[in-house]
Amino acid sequence: MDTMRNSHLGTLEAEAIYVLREVAAQFERPVLLFSGGKDSIILTHLSRKAFHPGKIPFSLLHIDTGHNFPETIAFRDNLVQRLGVRLLVRYVQDSIDQGRVAEETGPTASRNGLQTVTLLDALSELRVDAAMGGARRDEEKARAKERFFSHRDPFGQWDPKNQRPELWNLYNGRKRTGEHFRVFPISNWTELDVWQYIANEKIPLPNLYFSHRREIIDRGGILLAASDVVPPLPGEEPVSRIVRFRTIGDMTCTGAVASQASSIDEIIAEVAAARVTERGTRSDDRRSEAAMEDRKRQGYF
């Protein structure tokens, strides 16, 4: 990797580590939201580097929709065991059973949006004052609006028109009782930066990110993995295809891309040539023009 690229990634890494240390210094009960995707894996890796030789000083929190890829859960459990960190899991199914949310029905039904209530309940239960996540500004226009320290009111809501300035790397974590912050240490990274950093640091990832053969259902241009939670609708026929996933989320809304990229170098070349953002494969973002911003206002990450 050339000197310029090393310098660029080094700057991004230093910025993220600075933010992580600011969270540890300013907040009493932070957690790292962990989905098993590449961005949360990178955050975990950065956290380990930020506090070495000590252990990561906060827990990982996973909001489990119950419709995760099995490969994601297996990778999560192996990572937690290897790092010796505490994993907290809260389940959307529990929210459904308690009547906190209603299961969606119909051909586009998904639990992805339902996890907002489960997340807010978990943050309240655990008295979390800062929840860190791997959202990046290049992913989606609503995420591009957020600061590193993103204030949430007592209802977990976000007001994009009332955000605090962040000048000279000064982050204001002052809050009232019941309020909390969402913190995004890798806000300034791009998808290409993420993959180059993964290559540079040799960070293990779930095999879903690499090309493999899988039964796929083409639903409105979104290539969904056929499974018990994504059965074919009338007129649909699962087809075996070589694909990989650019994002990893709920199986009901996370689409694959046709790809032969089976190594990190091949993925870097593919991402560099891509003209569609990685969230272009997510069906939940297509529900409306402002789908992501609407969910974020309500407390979604």
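Owing to the predicted nature of the structure, the values given are computational and were not obtained by experimental measurement.

Calculation notes
Residues numbered from 1 in each chain as written. Predicted model: local features only at pLDDT ≥ 70, side-chain atom pairs only at ≥ 80, totals over all residues. Heavy atoms only, no water. Helix = DSSP H or I, 4+ residues; strand = E, 2+ residues; numbered from the N terminus. Rg over C-alpha atoms; globule rule 2.2 N^0.38 Å. Buried < 20%, exposed > 50% of the residue type's maximum accessible area, 1.4 Å probe, protein only. Contact = heavy atoms within 4.5 Å. Arc of directions from axis to C-beta. Salt bridge = Lys/Arg side-chain N within 4 Å of Asp/Glu carboxyl O. Pairing = 2+ DSSP bridges. Axes fitted to C-alpha atoms, helices over the stretch in contact; angles between N-to-C directions. Lys, Arg positive; Asp, Glu negative; His and termini not counted. Phe/Tyr/Trp six-rings, centres within 6.5 Å; stacked < 30°, edge-to-face > 60°.

It is not clear to me how the overall build of the protein chain should be interpreted in this structure. Could you clarify?
Looking only at helices and strands, the protein chain has 8 helices and 10 strands in total. In summary, the protein chain has a C-alpha radius of gyration of 19 Å against a globular reference of 19 Å for 301 residues, a match within 12%. Structurally, the protein chain occupies a C-alpha span of about 55 × 55 × 40 Å along its principal axes. By residue count, 53% of the 301 residues in the protein chain fall in the buried class. Residue pairs in contact within the protein chain that sit at least 24 positions apart in sequence constitute 73% of those at least 6 positions apart.

What am I meant to see in the environment of threonine 72 here?
If you trace the backbone, threonine 72 turns up in helix 3 (residues 70-83). Relative accessible area serves as the criterion here: at 1%, threonine 72 is assigned to the buried category. Here threonine 72 is in contact with Ser35, Gly36, Leu208 and Ile248, once residues within four sequence places are set aside.

Would you mind going over helix 5 (residues 115-125) with me for this structure?
For an α-helix, 3.6 residues make a turn, and residues three or four places apart therefore share a direction. Those residues of helix 5 that sit buried are Gln115, Thr116, Thr118, Leu119, Ala122 and Leu123. Summarising the axial view, the buried residues of helix 5 lie within an arc of 165°, below the 170-degree limit, and thus occupy one face.

I keep staring at the pattern of salt bridges and nothing clicks. Help me out?
One side chain can pair with another of opposite charge once the charged atoms of both are near each other. Applying the stated criterion across every chain yields a total of 15 salt bridges. When the shortest N-O distance is used, the salt bridge between lysine 49 and glutamate 201 registers 3.1 Å. Here glutamate 201 lies in helix 6 (residues 191-201) and lysine 49 lies in helix 2 (residues 38-51), a separation of 152 residues in the sequence. Using a relative accessible area of 24% as the deciding quantity, one classes glutamate 201 as partly exposed.

I tried to follow the environment of valine 194 on my own but got confused; where do I start?
Residue position: valine 194 is located in helix 6. Note on valine 194: relative accessible area 0%, which makes it buried. Taking C-alpha positions, valine 194 is 7.5 Å from aspartate 39, a pair spaced 155 residues apart along the chain. Other than its neighbours up to four places away in sequence, valine 194 contacts Lys38, Asp39, Ile42, Arg136 and Trp189.

Explanation requested: the sheet that holds strand 3 (residues 87-91) in the structure shown.
Adjacent strands of a sheet form backbone hydrogen bonds with each other and so pair up, either parallel or antiparallel. The mixed open sheet is built from 6 strands, whose spatial order is 3-2-1-4-6-5. Looking along the sheet, the strands with just one partner apiece sit at the ends: strand 3 and strand 5 (149-152). This sheet shows a mean twist of 30° between the axes of neighbouring strands, independent of strand direction. Examined bridge by bridge, strand 2 (residues 59-64) and strand 3 share 5 bridges and lie parallel to one another. What sits directly across from leucine 61, in strand 3, is leucine 88. Sitting on the sheet, helix 2 touches strand 1 (30-33), strand 2 and strand 4 (130-132), and the angle it makes with strand 1 is about 140°.

Would you take a moment to explain the side chain of arginine 182 for this structure?
By the element assignment, arginine 182 lies in strand 6 (residues 180-183). Summary of buried charges: arginine 182 has no salt-bridge partner, and the nearest side chain of opposite charge, glutamate 146, is 7.0 Å away.

What's the story with unusual backbone geometry in this structure? I'm lost.
Negative phi characterises most residues that are not glycine, and trans characterises most peptide bonds. Cis geometry is found at the peptide bond from histidine 52 to proline 53, where omega equals 10°. In this fold, proline 53 is placed in the loop between helix 2 and strand 2. Of note in this structure, tryptophan 168 is not a glycine but carries a positive phi near 55°.

Sorry, what's going on with helix 7 (residues 264-273) here?
Burial in helix 7 covers these residues: Ile267, Ile268 and Val271. Down the axis of helix 7, the smallest arc covering the buried residues is 105°, so these residues share one side. Helix 7 presents Asp265, Ala269 and Ala273 as exposed residues on the side facing more than 90 degrees away from its buried surface. On its buried face, helix 7 is in contact with helix 6 and strand 9 (239-244).

I keep staring at the packing of aromatic side chains and nothing clicks. Help me out?
Two descriptors summarise a pair of aromatic rings, namely the distance from one centre to the other and the angle between the planes of the rings. All chains considered together, the criterion is met by 11 aromatic pairs. Consider the rings of tyrosine 18 and tyrosine 171, whose centres lie 6.1 Å apart with planes at 50°: the pair is tilted. In this pair, tyrosine 18 is assigned in helix 1 (residues 3-26) and tyrosine 171 in the loop between strand 5 and strand 6, connecting sequence segments 153 residues apart. The exposure class assigned to tyrosine 18 is partly exposed, which follows from its relative accessible area of 34%.

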